[in-house]
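For reference, the chains in residue letters:
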Amino acid sequence: MRKYVIMGVQGSGKGTQSAMLAADLDLVHISVGDIFRWHVKHHTKLGAQVRRLVAAGELVGDDLVADVVKDRLELHDWNYGFIVDGFPRNRRQAEFFLESYDLDGVIHLDLPDDEVRRRVLARRLCARCGMDYNLIAHRPEEEGRCDVCGGELVTRADDTPDALARRLADYHDKTGPVLELFRRKEYVLTIDARADKLAVQRTIRVRFNLPPYQG
Ligand code: AMP
């Protein structure tokens, strides 16, 4: 069983690296942001509760987030382990997590703020299938259309300069202390996330003693 948390500022490649880890190691990728976006898109009760906060890039309340994570993990569909992405984002969430689950490691993707701005403002998402694009590193073949399903490419509501500035400030204020807490438990390995996605994946595998990527 392999149980990881992946941390890093938005745009650092958490989603991409988690998906690459999950694919051949059979880990369940649990992205709290994706869960919330799904609820917003499908107009659920939870979606209505979090819609404004998610669009503004503000953090959802700790109790609500902890319940979402707990409910997701209680499905117990993670026979080989999980990789939690986007949680914990502050000390209280980290304490809840450490009380309830033991972890094998925390993958910390490190990316300077200027590179974050450059990447995030170029990010696009397929409105239909959720595939991620980037106008710098991963352009669609036809402008504005998803290569996989032909859906329309849109900008995430929170990938605007204002929302990004807020999320960066939040990250530095609140998520930094979480790393400190995990570091004391000797869980954290910091990975330079400036390299291309395969190189970053290779480094993660080597540092965490995982088998090579079978992509
Ligand atoms: P992400 O895709 O991880 O950037 O998350 C998108 C949005 O979901 C965030 O801007 C928050 O509004 C909300 N969110 C995701 N994870 C958390 C969390 N751990 N604590 C509070 N809010 C969260």
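If you're wondering where the values come from, they're calculated on a predicted model, not measured in any experiment. (Residues numbered from 1 in each chain as written. Predicted model: local features only at pLDDT ≥ 70, side-chain atom pairs only at ≥ 80, totals over all residues. Heavy atoms only, no water.)

(A) Highlighting the packing of helix α1 (residues 14–25) against helix α8 (residues 197–207). Relative to each other, α1 and α8 sit at 60 degrees, their axes nearing to 10 Å. If you check the angle between α1 and α8, you find them oblique. Two packed elements cross with a definite hand, and for α1 against α8 that hand is right-handed. Across the interface between the two elements, Thr-16, Gln-17, Met-20, Leu-21, Asp-24 and Leu-25 of α1 pack against Lys-197, Leu-198, Val-200, Gln-201, Ile-204 and Arg-205 of α8. Here the contact of α1 with α8 is composed, by residue class, of six nonpolar, three polar and three charged. (Axes fitted to C-alpha atoms, helices over the stretch in contact; angles between N-to-C directions. Helix = DSSP H or I, 4+ residues; strand = E, 2+ residues; numbered from the N terminus. Parallel < 35°, antiparallel > 145°, perpendicular 65-115°, else oblique. Left-handed = near helix turned anticlockwise from the far one by under 90°. Contact = heavy atoms within 4.5 Å. Nonpolar A, V, L, I, M, F, W, Y, C, P; charged D, E, K, R; others polar.)

(B) Structural detail: the sheet that holds strand β3 (residues 81–85). Reading across the sheet, the five strands line up as β2-β3-β1-β4-β8 and stay open at both edges, with parallel pairing between neighbours. In this open sheet, the two edge strands, each paired with only one partner strand, are β2 (28–31) and β8 (188–192). For this sheet, the mean inter-axis angle between neighbouring strands, taken without regard to orientation, is 20 degrees. Pairing of β2 with β3 involves four bridges; the strand directions are parallel. Residue Ile-30 lies in a different strand from β3, and its bridge partner there is Val-84. Contacts from helix α2 (residues 32–41) reach β2 and β3, with the element oriented near 65 degrees to β2. Set on the sheet, helix α7 (residues 161–184) makes contact with β1 (2–8), β4 (105–110) and β8; between it and β1 the angle comes to about 145 degrees. (Pairing = 2+ DSSP bridges.)

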